[in-house]
Amino acid sequence: MISPKSLMKIATTASVVAMTVSVAVVPAYAMQDIAIEDTPSSFAATVDDAQNSSNSMPDNPNATLPETVSENISDDSTVVSENLAVTPEGDVQNIETGETVTDAQLVGTQSQQPDPLAKTDGESFIPVSASDVKDAVEQPVKQSAEQSSLKGGSTVRLAKFESNEYGAHWGTYNGTKAFFDYRNNLFVQQAKGVIDVSSWQGDVDWAKAKADGVEGAIIRLGYGWGNYADAKAQRNINECKRLGIPFGIYWYSYAYDANCARAEGNDVAAKLRQMGVSPNDLKYPVYYDLEKWTWAGHTPPTNPNVYSGMADAWYGALQSAGYKNLGVYSYTSYLQGPLNNSNIYAKTRWVAQYGAQMGYNAFGTNDRGWQYTSSGRINGISGSVDMNAFGNKATNVASGKWVYKDGRQYWQEKDGSYAQGKEIYDPSTDAWYWIDANGVMAQNKDVYLRSNGGKWVRYDSNGRMVKGGDFRYGAWYNFDFTTGAMSKGMTYLSDEDKYVYYDETTGKMIYGEVYLGYDDERAGWYMFDAVTGARRVGDVFIRSNGGKWVRYDRKTGKMVKGLQKQNGSWYYFDPVTGAMAHGNTWVPQWQAWHYFDNVTGRG
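For the structure given in this document, a descriptive report is provided here. (Residues numbered from 1 in each chain as written. Predicted model: local features only at pLDDT ≥ 70, side-chain atom pairs only at ≥ 80, totals over all residues. Heavy atoms only, no water.)

**Notes on the overall build of the protein chain**
How we decide: A run of H or I in DSSP becomes a helix once it reaches four residues, and a run of E becomes a strand once it reaches two; helices and strands are each numbered from the N terminus. Residue contacts are counted whenever heavy atoms from the two residues lie within 4.5 Å of one another. Each accessible area value is a Shrake-Rupley result obtained with a 1.4 Å probe; residue values ignore everything except the protein chains displayed when judging cover.
On a plain count of helices and strands, the protein chain comes out with 10 helices and 35 strands. For the protein chain, restricting intrachain contacts to residue pairs at least 6 apart in sequence, the fraction spanning at least 24 positions comes to 56%. Within the structure as shown, the protein chain displays about 26,000 Å² of accessible surface, and the carbon and sulfur contribution to it stands at 47%.

Dropping the structure here:
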C-alpha cells in the first residue's frame, strides 16, 4: 500500500510506445489487485454532488464563472478563457461586455500568430461552448466543490497530487502506481506523474521539482510556424537532461491545411536539432497540440478529414527528420467534434479533461496520458502547473510464452491455457502477433481487427505485425507505423516524401490517371506516377482526348478546371476534359473571347 505521504508526490516516468490493445489483451481489472488511498465508500456519489454545485467554468474547475454573459455573446460562440469568447467567424469578445478584443498580444495579427497561452496568463483552459457557460451562470447554486457539504459527512479534498478537483486519483494496481477515475476505473497502471511546462512557468528550479516528486516533463517548444521557440524551452531541455528527468515535447498548432501543418513539422524538427535534442533523448513523444485556436483574420478547420491530412503532413515532416515517437494531444470535446477521425484517434496519446472521468476512450496505443488538472503546485515552480498521469492501460510484462510443436508456434498463457483467436504482444520482440482460432500463430496473413474502430493489418513470415511499406501479392501496400492499420485512400509517405493513393477496398497502390470521388471537396481526376505511384502536380501532357496538357493543383493534386491564375498569369482549362486552352477561347467567367499563348497557355 502507498502511504498518503507518498501519494503527495507525482509518480515516476516514461511510457512505452506500444501497439493498439485489443480487448482480449487487456487484463481483467480485479478489484482485489487495486489499492486506493483515502477513498470513502460514498466517494463516487459525493463527487457527483460536488460537480453539480460548482461555481466554476464547465470543464474548467479552476476557472471562475463570470457574473454575467453579454447578450452580444451568441450561443454558438466558444469560451476560450475566463474573460474571452470567440465567435464562429473568429472575432474575440469580452464575455461580460461583449466588446470586440483587438489586442494583438491576445489575438495576433493577419500575419502573426499570438502566444496561445496569453489569453489565460499561461494556464491551460479547455474551450467550452458559450451556451454551456450561460447555463452555468444561470444556475442558482454556485458553491465551490471544495466547500460543498457532501453526503455522509465526506468532502472532496483537493490535496496535492492525490486527485483532481473531481476525484480522479492515484492508487496502485498490480503492484505499480496507477491512476483511476472517481469511480475507481483504471486509467493507467505503471503510472508516471508528469508536468507540462512553458515559458509561463518562468525559470523552473528543476532540482526542487524533481525532489518534490516530478519525474517527467512535457516541454513546450513553440507554436505555429515562423515564430521563435518558447523562451524557456532550451533551459528546460538542458535541465531535464542534466538531472535525468525524462521529457517529451509539445507544439501548439495554428495550421489550417496540410501545407501549414508540414511547415509546423519542419519547424519542430529544425528547433529540436538546434537545441540538441536527438530522437534518443526523448522518453516521451513529440506531441502535436490540436485545439480550436484563435488568430485574427483566420478560422480553424472544422472538417475532420482536413485535420487528418494535417496530422499526416506533420507526422511526415518529423518522421523524415528521424523523430518517430509522435502523438496527438487535444481535449475530449474537440476529439468528439472536429477531430472525430479514425486516423486522428489512432495517433491520440494525450488528452486533457479536468473532470471526474476520462470521456475519451479511443486511444490508439497502449500508452496514454491524462492531463487531469491545470492547478497543480510543485516546489520549484511559482504558480500553477498542469499535472498528468501517463502510463499503460495493459501491462507490458509478457502474459505468457511461445511454445513450439510440430513446426508450429503457439502462445501459452501463464495459467497454462493456449491463446486462440486473439492478438498478443510480446515485449521481448516489441511486436504484435495474431493467434488464429486453432491456436497457431498467423504468418503471411491479413487479419481484420476491431481495435481502433476496425482495421486490416498484416503479419509477416515471422508472425510480426507489418508496419510501413510492404510489397506482396504483386502490389505495394502500406501499414501505419503506430497502429499497423492498412493504409487506404490518399496517404503521405514520409520516408519517400510523396503522396500516393491506396485502393479504398484492397489497399493496393494505384498508378496512372484515376477519378477519386471520396468527398465533394476533393472529388476529381488525379494522376499517379506509373512507376513510383507518386501523386503528380503541375502541368502534365496526357494522351487522352487526342492528347492534351492538363494541370494538377500543386497543393491538392486535383486536376484544375476552369479559370485559374498562377504566378501572375491567367490560364483556362476545359470544364469537362481539363485540357489547357491555347489560342482564342471563350471564357464564361469573363463572358468574352480571350487569347491564350499557343505554347505556354498564358493569357
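**So, the packing of aromatic side chains**
The criterion, for reference: Any pair of Phe, Tyr and Trp rings, taking the six-membered ring for Trp, is counted once the centres come within 6.5 Å. Such a pair is stacked with planes under 30 degrees apart, edge-to-face with planes over 60 apart, and tilted for the rest. Here's how the labels work: a residue is buried when its accessible area is under 20% of the maximum for its type, exposed when over 50%, partly exposed in between, all with a 1.4 Å probe on protein chains only.
Evaluated as defined, the whole model comprises 39 aromatic pairs. For the ring pair Tyr501 and Phe528, a centre distance of 6.1 Å and an interplane angle of 35° mean the geometry is tilted. Highlighted residues: Tyr501 in strand S27 (residues 498–502) and Phe528 in strand S29 (residues 524–528), separated in sequence by 27 residues. Of the two residues, Tyr501 and Phe528, neither departs from the other in class, the shared state being buried. Put simply, the rings of Trp170, Phe179, Phe187, Tyr345, Tyr360, Phe363, Trp370 and Tyr372 pair up and form one aromatic cluster.

**Re a nonpolar patch on the surface**
Applied cut-off: By definition, no residue in a patch forms a salt bridge, and every one has over 30% relative accessible area; like charges are joined within 9 Å, nonpolar side chains (Val, Leu, Ile, Met, Phe, Trp, Tyr) within 5 Å. We count a salt bridge whenever a side-chain nitrogen from Lys or Arg sits within 4 Å of a carboxyl oxygen from Asp or Glu.
A cluster of nonpolar side chains, contributed by Phe471, Trp476 and Tyr511, occupies part of the molecular surface with about 320 Å² of accessible area. Along the chain, Phe471 falls in strand S24 (residues 468–472).

**Digging into the pairing of S27**
Let me state the cut-off plainly: Between any two strands, pairing holds if DSSP finds at least two bridges.
The element S27 is extensively covered by neighbouring structure, given that five of its five residues are classed as buried. On S27, burial covers both faces: Lys498, Val500 and Tyr502 on one face and Tyr499 and Tyr501 on the other are all buried. Sheet topology places strand S26 (residues 489–493) next to S27; five bridges connect them, and they run antiparallel. Bridge assignment links Gly489 to a residue of S27, and that residue is Tyr502.

**Considering empty space enclosed by the protein**
Here the idea is plain: a probe the size of a water molecule rolls over the atoms and shows the empty space left. Defined as follows: The way it works is a 1 Å grid over only the protein atoms, where trapped points that fit a 1.4 Å probe form a cavity and open points with protein on both sides within 12 Å along at least five of seven lines form a pocket, and then any residue with an atom within 4 Å of a point lines it. Grid points are joined across faces, edges and corners, and a volume is the space filled by probe spheres set on the points. In the scheme used here, Gly and all other residues not listed as nonpolar or charged are polar, with Ala, Val, Leu, Ile, Met, Phe, Trp, Tyr, Cys and Pro taken as nonpolar and Asp, Glu, Lys and Arg as charged. Segmentation into domains, and thus their bounds, comes from an automatic or database assignment.
Scanning the model with the defined rule gives two cavities of 30 Å³ or more in all. In this structure, the largest cavity occupies an estimated 290 Å³ of space. Lining the largest cavity we find 24 residues, and of these Leu117, Ser124, Phe125, Tyr252 and Glu291 sit closest to its centre. Breaking the lining of the largest cavity down by element, the ones donating at least two residues are strand S12 (247–252), strand S14 (326–331) and strand S15 (348–352). Looking at the lining of the largest cavity residue by residue, the classes come out as 13 nonpolar, four polar and seven charged. Here the lining of the largest cavity spans two domains, since at least three of its residues come from each of domain 1 (78–137) and domain 2 (169–392). Estimated volume of the second largest cavity: approximately 70 Å³. Breaking the lining of the second largest cavity down by element, the ones donating at least two residues are strand S10 (186–197) and strand S17 (385–392). For the lining of the second largest cavity, a count of residues per class yields four nonpolar, six polar and three charged. A domain split of the lining of the second largest cavity shows at least three residues from each of domain 1 (78–137) and domain 2 (169–392).

**Some thoughts on the sheet that holds strand S7 (residues 128–129)**
Taken together, the four strands give an open sheet; going across it, the order is S6-S5-S4-S7, and neighbouring strands pair in antiparallel fashion. Each of the sheet's edge strands pairs with one partner strand only, and the pair in question is strand S6 (92–94) and S7. Inspection of the sheet shows strand S4 (residues 78–79) paired to strand S5 (residues 84–86) by two bridges, in the antiparallel sense. Of the residues in S5, the one forming a bridge with Val79 is Ala85.

**Observations regarding the pattern of salt bridges**
Within the structure shown, the criterion is met by 18 salt bridges. Arg220 is the partner of Asp115 in a salt bridge, and the nearest nitrogen-oxygen pair spans 2.9 Å. In this pair, Asp115 sits in the loop between helix H3 (104–107) and S7 while Arg220 sits in strand S11 (residues 217–223), placing the two residues 105 residues apart along the sequence. Owing to a relative accessible area of 15%, Asp115 belongs among the buried residues under this scheme. Overall, the relative accessible area of 2% leaves Arg220 in the buried class. Close ionic contact of Asp470 with Arg472 constitutes a salt bridge, the shortest N to O distance being 2.9 Å. In this structure Asp470 comes out as buried when scored by relative accessible area, which is 11%. You can call Arg472 buried: its relative accessible area is 16%. Residues joined in a network through salt bridges with shared partners are Asp446, Arg458, Asp470 and Arg472.

**Points about the packing of helix H7 (residues 258–274) against helix H8 (residues 304–320)**
Our working rule: To obtain an axis, a line is fitted to C-alpha atoms, over the contacting stretch when the element is a helix, and the angle between two such axes runs from 0 to 180 degrees between their N-to-C directions. Any angle that is under 35 degrees is reported as roughly parallel, and any over 145 degrees as roughly antiparallel; angles of 65 to 115 degrees are reported as roughly perpendicular and all others as oblique. Left-handed describes a crossing whose near helix is turned anticlockwise from the far helix through less than a right angle; right-handed describes the clockwise counterpart.
Where H7 contacts H8, the two axes come as close as 7 Å, and the packing angle between them is 30°. It follows that H7 is roughly parallel to H8 by the angle criterion. Between H7 and H8 lies a crossing whose hand is right-handed. Here Ala258, Ala261, Arg262, Glu264, Gly265, Asn266, Val268, Ala269 and Leu272 of H7 lie close against H8, whose contacting residues are Gly309, Met310, Ala313, Trp314, Ala317 and Leu318. Classifying every residue of the contact of H7 with H8 gives 10 nonpolar, three polar and two charged.

**Here we look at a negative patch on the surface**
Selection criterion: Charge assignment in this entry is limited to Lys and Arg as positive and Asp and Glu as negative, and neither His nor the chain termini are counted. Lys charges are placed at NZ, Arg charges at CZ, Asp charges at CG and Glu charges at CD.
A surface patch of like charges, here negative, comprises Asp59, Asp132, Asp135 and Glu138. Its location among the elements puts Asp132 in helix H4 (residues 130–138). Classification of Asp132 by relative accessible area gives partly exposed; the value is 39%.

Honestly, it's all geometry; don't read function into it.
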